[in-house]
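Residues per chain are reported as follows:
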Amino acid sequence: MSERQHLQFHGFRKVMLRVVLVGLAFLLLSCRQDAPTGQTRITIWVLPNFPDPQRDMEKLVKTFTLEHPGIEVEITVLDWGSAWTKITTAATAQNGPDLIQLGSTWTAAVTEMGALVPLDSLLLRMGGENAFVEAGMESARPRASDSVTSLPWFLDVRPMYYRKDVLAKMGISPDSIQNWDDFVRALTAIREAKPVVEGNLVLPIGYPGKNDWNVIHNMAPWIWGAGGDFLDSTATHSAIAEPASIRGILFYLNLVRQGFNERRNLEKNTAQVSSDFDEGRLAFWLDATTKTIYLDRPQFLGGTGKSAAARNYACMLPPTSPDGHARYFVGGSNLAIFKFSKHRPEAMLLLEYLVGRPDIQQQMSRASGFLPALRETYDMPYFRENHDRQVFQRMVQQGRAYPSVHYWGEIETSILSRRLGNIFDLITAAKPGEWPEDKVIQEIRATDTEITRYIAQQLDHSPGLRERLQSWHRRHP
Amino acid sequence: MKRDVWSRYKFPLLFISPALLGLILLHLFPMFQGFWLSLLESNKSTIEQYLHAPFVGLANYREILFSSDSQIRQGLWDALRNTVLYTVFVVFGTIVLGIGGALLVHRNFPGRSVARTLMLFSWIIPSYVVGMLWGFMWQQEEGIVNQLLFDRMHLDIITTWFGVHWDYDTLGQLIKPRWLTGENTLWAIIIPTIWRFWPFAMVMFLAGLSSIPSEVYEAAEMDGASKSEQFFQITLPLLRPVLAMIVLQGIISNVYSFNIVSMMFGNGAGFPGKYGDLLMPNIFRNSFQMWNFGVGAAISTLLMLVMVGVVALWYRRFREDLSNE
């Protein structure tokens, strides 16, 4: 290498080094983007609650930012599949958003991790627990906690959708379907008559079997309706193998046995069976209230437009058991503030705005189809003057949530979804004419053993938890 | 001398240092952290303490290997059996189809480039999409697989000639096979995986075929070797280095397979059943979804050790093919 080449090479190295350093500096600076001077930026993580999750949420907080010009709200929409991992990572790493949406069955677990700010004083300012629907408050104050650690944002119930035209054709009045016996009579009539509407053979009912989070929510009202439960009242033992619980499960499964729900639906997920209803192939269908948004929307906005189902659907209360038990599943989501938030006062303001104002609760409900958790909202004409929303309101009032204990999530997602999946496998694998009832009951008993054993392990791992749960039970006999 | 080496190579060393740092941070550090976690009682109650959770020594390993009550052992042996079968069938199927495809598109014919591109199609689909798509395709009545096989091709009638028995319902309708429940589930995950990965093997074999000099075949032809003799005596032995890499890649990626099973059975919401569960979804469900991080880390460590053994066996088998001499 000549001296000139050597110098050129050294010059090249210096230039490269500078390029690398300047690049790194830009990279580091771009990692943090501050809010404009004088403004506080608060961050909120939400789930896809709306048809257009980001834009609809921005619309929802628009009034807040106008009322509080010094606060900027940064919205991040998480995907349901990864949300739980991201939230728990944020909670343990103490690094994440100020405000967080938690599925109602997640609040107890995140509370147990000591990651949430107590909201008792905020709740008091908003009128106390009575300001909110009772089932929503179950998850807001986890059983093992002395404090309210989240506030219910919206509720999710599963009414029974039905085809008015099909029932009219059968001469069945929707009001006549009050309990399980009435329901079976209506289903039998449809099964026998095999009605064809607009070229579609309408089958009595459909529900999915596995591969879906909704499987357990779908089964809950039948178990509760029969007087059974998933856990006992202390939430320390399984109750799923109690005779009443088994009766509820078997009634639900018998809808397949009696040919009201086709076996092939059991290998589908909710979206697939739901589209069968949309396309006019089912007379009854249990689904979330969010479905009304899609049924009422025109096709160009992603709805089902003027399909036979969209033109002829209505909602009713799911039937009660013959002895009159009616407890409906209530899920939904809460809002909470992480303890590590550096903007607690601002986060509290946004929380109060989202959960405590009837106008904003109604706006959220209109956009998402979910139901308000704030009682006062139901006095508005939007709810009072609509038949279906009156049905939803009754379900909310008579509904119940899963026990708010930190180990419920694992019981639901890991044990129940697997074991109930096994039950549906037993049914689909059975030859036509065969019904594996003994094997189903055996599987329910195995589920019972596994849940109780799992809870015992959790109680052993968490000192004082058993006492805290007993204390809750004494206060709520 | 050392100074000379440093002054001579400091610039290249500077450039490879980020990669080295990345390797340490992203591979070695988490690996040791995972091992340390496997010695701790790390669960929901202690997760806040993270790496300072109570030290329990080998208790997590004992729980996996000897405790029949352990949550982690729910269906573990089924998952292990399925994983072995799944890996063997997928690697074998991928190699057979890969070699076949490579031989086909190695020949000159009009539209060869288009054919090569089209054959890569399934490889470019993300594995989670493959899982979801095939989940729909396998459905008993409405899935396209049964519709093609039985409604269009009437496979039931054809196979009856060879003595295969089919069940019919009371109305005389064929009861089509259920792919998503029972023993068939294993095929429901094997076939899409082969479908997804065989183009990769084809590309690798094609590269291998291109590097074999044509003179070798000309000499063999002059010696009177038939096409099959040329394939078994020349092509296959000369493709062994490529074969070695595909076997290794196939074993590792299939033992750690997660996406296809997870997506086919409800994105974690469902249970693949006794014949569809693999080790990774099983470990994920029974340890990490159950907040049993210590036990989950222990079983992952055990699996890693088994895989080290498998890779050592592989290396012993293919060592000569991988050396330059």
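Our structure's up above, just so we're on the same page.
Cut-offs applied
Residues numbered from 1 in each chain as written. Chains lettered and ligands numbered in written order. Predicted model: local features only at pLDDT ≥ 70, side-chain atom pairs only at ≥ 80, totals over all residues. Heavy atoms only, no water. Helix = DSSP H or I, 4+ residues; strand = E, 2+ residues; numbered from the N terminus. Buried < 20%, exposed > 50% of the residue type's maximum accessible area, 1.4 Å probe, protein only. Contact = heavy atoms within 4.5 Å. Areas by Shrake-Rupley, 256 points an atom, 1.4 Å probe, with all protein chains shown as cover. Lys, Arg positive; Asp, Glu negative; His and termini not counted. Charge placed at Lys NZ, Arg CZ, Asp CG, Glu CD. Rg over C-alpha atoms; globule rule 2.2 N^0.38 Å. Buried area = accessible area lost by both parts, 1.4 Å probe. Salt bridge = Lys/Arg side-chain N within 4 Å of Asp/Glu carboxyl O. Phe/Tyr/Trp six-rings, centres within 6.5 Å; stacked < 30°, edge-to-face > 60°. Patch = residues over 30% accessible without salt bridge, like charges linked within 9 Å, V, L, I, M, F, W, Y side chains within 5 Å. Axes fitted to C-alpha atoms, helices over the stretch in contact; angles between N-to-C directions. Parallel < 35°, antiparallel > 145°, perpendicular 65-115°, else oblique. Left-handed = near helix turned anticlockwise from the far one by under 90°. Nonpolar A, V, L, I, M, F, W, Y, C, P; charged D, E, K, R; others polar. Pairing = 2+ DSSP bridges. Core = buried A, V, L, I, M, F, W, Y, C linked by side-chain atoms within 4.5 Å.

Asks: How should I be thinking about the overall build of chain A in this particular structure?
Replies: If you tally the helices and strands in chain A, you get 20 helices and 13 strands. Taken along the three principal axes of its C-alpha coordinates, chain A extends 95 × 55 × 55 Å. For chain A, the proportion of its 477 residues judged to be buried stands at 57%. Here the contacts in chain A between residues at least 6 apart in sequence split such that 75% fall between residues at least 24 apart. With an accessible surface of roughly 20500 Å², chain A has 52% of that area assigned to carbon and sulfur atoms. Distance between charge centres in chain A, computed from 52 positive and 53 negative side chains, equals 4 Å.

Asks: Explanation requested: the overall build of chain B in the structure shown.
Replies: Along chain B, the regular secondary structure elements total 14 helices and 0 strands. When the helices and strands of chain B are placed in sequence order, the string is α-α-α-α-α-α-α-α-α-α-α-α-α-α. In terms of overall size, chain B is more extended than a compact globule, its C-alpha atoms giving a radius of gyration of 25 Å where 325 residues would be expected to give roughly 20 Å. Each principal axis of the C-alpha distribution contributes one length, and for chain B these read about 75 × 65 × 30 Å. Out of the 325 residues in chain B, the part that is buried amounts to 43%. Contacts in chain B between residues at least 24 apart in sequence constitute 67% of all its contacts with a sequence separation of at least 6. Separation between the mean location of the 22 positive side-chain charges and that of the 22 negative ones in chain B comes to 9 Å.

Asks: How should I be thinking about the interface of chain A and chain B in this particular structure?
Replies: A common way to state how big an interface is: give the accessible area lost once the parts meet. Taken together, the contacts link 41 residues of chain A with 37 residues of chain B. Together, the buried faces of chain A and chain B total about 3600 Å²; carbon and sulfur atoms form 52% of this surface. Three residues, Asn211(A), Glu267(A) and Arg418(A), lead the burial of chain A against chain B; their summed loss comes to 17% of the area buried on that side. Where chain A meets chain B, there are 2 salt bridges. The partner of Glu142(B) in a salt bridge is Arg264(A), and the shortest N-O contact between them spans 3.7 Å.

Asks: Honestly, the packing of aromatic side chains in this entry has me stumped. Any pointers?
Replies: All names here are of chain A. Overall, the coordinates contain 37 aromatic pairs over all chains when judged by the stated rule. For the pair Trp 80 and Trp 106, a centre-to-centre distance of 5.6 Å together with 70° between the ring planes defines the contact as edge-to-face. With a gap of 26 residues between them, Trp 80 in helix 3 (residues 80–93) and Trp 106 in the loop between strand 3 (99–103) and helix 4 (107–112) connect regions that are remote in the sequence. The class for Trp 80 is partly exposed, based on a relative accessible area of 44%. On the basis of relative accessible area, Trp 106 is assigned to the buried category, the value being 13%.

Asks: How should the environment of Val242(B) be read in this particular structure?
Replies: Residue and element names in this part refer to chain B. One can find Val 242 in helix 11 (residues 240–255). On the basis of relative accessibility, which here comes to 15%, the residue Val 242 falls in the buried class. Sequence-wise, Val 242 and Ala 201 are 41 residues apart; in three dimensions their C-alpha atoms are separated by 8.8 Å. When residues no more than four places from it in sequence are discounted, the contact partners of Val 242 are Met 204, Phe 205 and Gly 208.

Asks: What am I meant to see in a nonpolar patch on the surface here?
Replies: Residue and element names in this part refer to chain B. Nonpolar side chains collect at one region of the surface, where Leu 20, Leu 23, Ile 24, Leu 28, Met 31 and Phe 32 lie side by side and expose about 560 Å² of accessible area between them. With respect to the helices and strands, the residue Leu 20 is situated in helix 1 (residues 2–37). Its relative accessible area of 51% is what places Leu 20 among the exposed residues.

Asks: For this particular structure, what's the right way to read the packing of helix 9 (residues 214–222) of chain B against helix 10 (residues 227–238) of chain B?
Replies: The axes of two packed helices give the description: the angle between them and the distance between them. Residue and element names in this part refer to chain B. The interhelical angle for the contact between helix 9 and helix 10, taken along N-to-C directions, is 135°, at an axis separation of 11 Å. One element, helix 9, and the other, helix 10, form an angle in the oblique class. The crossing of helix 9 and helix 10 is right-handed. Two secondary-structure elements touch here, helix 9 through Val 216, Tyr 217, Ala 220 and Glu 221 and helix 10 through Lys 227, Gln 230, Ile 234 and Thr 235. Of the residues in the contact of helix 9 with helix 10, the class split is 4 nonpolar, 2 polar and 2 charged.

Asks: Just checking my understanding: could you explain the sheet that holds strand 8 (residues 203–206) of chain A for this structure?
Replies: Adjacent strands of a sheet pair through backbone hydrogen bonds, lying either parallel or antiparallel. Residues and elements named next belong to chain A. Judged by pairing direction, the sheet is mixed, and its 4 strands sit side by side in the order 8-9-5-10 without closing on themselves. If you trace the sheet from one side to the other, it starts and ends with strand 8 and strand 10 (313–316), each paired once. Within the sheet, the average angular offset between the axes of one strand and its neighbour, ignoring direction, is 25°. Contacting strand 5 (160–163), strand 8, strand 9 (282–286) and strand 10, helix 11 (residues 270–278) crosses the sheet at an angle of about 140° to strand 9.

Asks: Can you walk me through the environment of Leu354(A) in this structure?
Replies: Residues and elements named next belong to chain A. Tracing the chain through its elements places Leu 354 in helix 14 (residues 344–356). Overall, Leu 354 belongs to the buried group, its relative accessible area being 0%. Along the chain, Leu 354 and Phe 154 lie 200 residues apart, while their C-alpha atoms are 9.7 Å from each other.

Asks: Can you help me understand the pairing of strand 5 of chain A in this one?
Replies: Looking along a regular strand, one sees side chains alternate from face to face of the sheet. All names here are of chain A. Judged by which residues are buried, strand 5 turns out to be covered on both faces: Met 160 and Tyr 162 on one side and Tyr 161 and Arg 163 on the other are all buried. Note that strand 5 and strand 9 share 3 bridges and pair antiparallel. Residue Tyr 161 lies in a different strand from strand 9, and its bridge partner there is Trp 285. Alignment of strand 5 against strand 10, held across 4 bridges, turns out to be antiparallel. Bridging across to strand 10, Tyr 162 finds its partner in Ala 314.

Asks: Please explain the nonpolar core as it appears in this structure.
Replies: Most often, soluble globular proteins keep nonpolar side chains buried together rather than apart. Residues and elements named next belong to chain A. Residues Phe 183, Phe 230, Leu 231, Leu 253, Phe 284, Tyr 407 and Ile 411 are the most contacted members of the largest nonpolar core, which totals 68 residues. Apart from residues lying up to four places away in sequence, Phe 183 is in contact with Met 160, Ile 177, Ile 205, Trp 222, Leu 255, Phe 284 and Pro 319. By size, the runner-up hydrophobic cluster in this structure holds 65 residues, among which are Ile 42, Trp 285, Ala 347 and Leu 371.

Asks: Looking at this structure, how should I read the pattern of salt bridges?
Replies: Pairs may arise between side chains of opposite charge once their charged atoms sit close together. Inspection of every chain in the model, using the stated rule, returns 34 salt bridges over all chains. Here Arg311(A) and Glu198(A) are joined by a salt bridge, their closest N and O atoms 3.0 Å apart. Residue Arg311(A) is found in helix 13 (residues 308–312), and its partner Glu198(A) is found in the loop between strand 6 (196–197) and strand 7 (200–201); the two are separated by 113 residues along the sequence. Lys291(A) is the partner of Asp278(A) in a salt bridge, and the nearest nitrogen-oxygen pair spans 2.6 Å. Taken together, the residues Asp278(A) in helix 11 and Lys291(A) in helix 12 (residues 291–296) connect sequence positions 13 residues apart. The burial state of Asp278(A) is the same as that of Lys291(A); both residues are buried. Taken together, the shared-partner salt bridges in this structure form one network comprising Glu262(A), Arg264(A), Lys268(A), Asp276(A), Glu279(A), Arg281(A) and Glu142(B).

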